[in-house]
Amino acid sequence: MNTDQELSYTIIDRHPVEAAQLFEGLSFEAAAGFLNEAPAHTTALILKTINPFSASQILEVMAPNQTASVCQALPLGAVAALFRRID
């Protein structure tokens, strides 16, 4: 992980609501591409903060190994709610 990535993840962790607003403006693929590289707890924080539809769509296009890690970082109820929204 480089310094730019570390800084980005720290900002997201400290300001999740503002970060979520930025993520909601991205395409699902672009958001997933960024979050595939993020620590699972950071990705989980974003997915809990953005609207549930966007969160489920991002989760659907994320890499399977990152999806598994993120699901372990989320409460079971949140994971179930996200997966119910996926086709």
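No experiment lies behind these values; they were computed from the predicted model shown. (Residues numbered from 1 in each chain as written. Predicted model: local features only at pLDDT ≥ 70, side-chain atom pairs only at ≥ 80, totals over all residues. Heavy atoms only, no water.)

## Some points on the nonpolar core
No. 1: Counting residues in hydrophobic clusters, the biggest one holds 22 residues, and the most contacted among them are Phe-23, Leu-35, Ile-46, Leu-47, Ile-50, Ile-58 and Met-62.
No. 2: Looking at this core, the elements that each hand over two or more residues are helix H1 (3-14), helix H2 (16-24), helix H3 (28-35), helix H4 (40-49), helix H5 (52-61), helix H6 (64-73) and helix H7 (76-84).
No. 3: In contact with Phe-23, not counting residues within four places along its chain, are Ile-12, Ala-31, Phe-34, Leu-35, Ile-46 and Ile-50. (Core = buried A, V, L, I, M, F, W, Y, C linked by side-chain atoms within 4.5 Å. Buried < 20%, exposed > 50% of the residue type's maximum accessible area, 1.4 Å probe, protein only. Helix = DSSP H or I, 4+ residues; strand = E, 2+ residues; numbered from the N terminus. Contact = heavy atoms within 4.5 Å.)

## Describing the side chain of Ser-56
No. 1: Along the chain, the position of Ser-56 falls in helix H5.
No. 2: For Ser-56, the residues in contact, after removing those within four places along its chain, are Leu-82, Arg-85 and Ile-86.

## Points about the environment of Phe-83
No. 1: Inspection of the secondary structure assignment puts Phe-83 in helix H7.
No. 2: Separated by 65 residues in the primary sequence, Phe-83 and Glu-18 have C-alpha atoms spaced 25 Å apart.

These results come straight from atomic positions and should not be treated as a statement about function.
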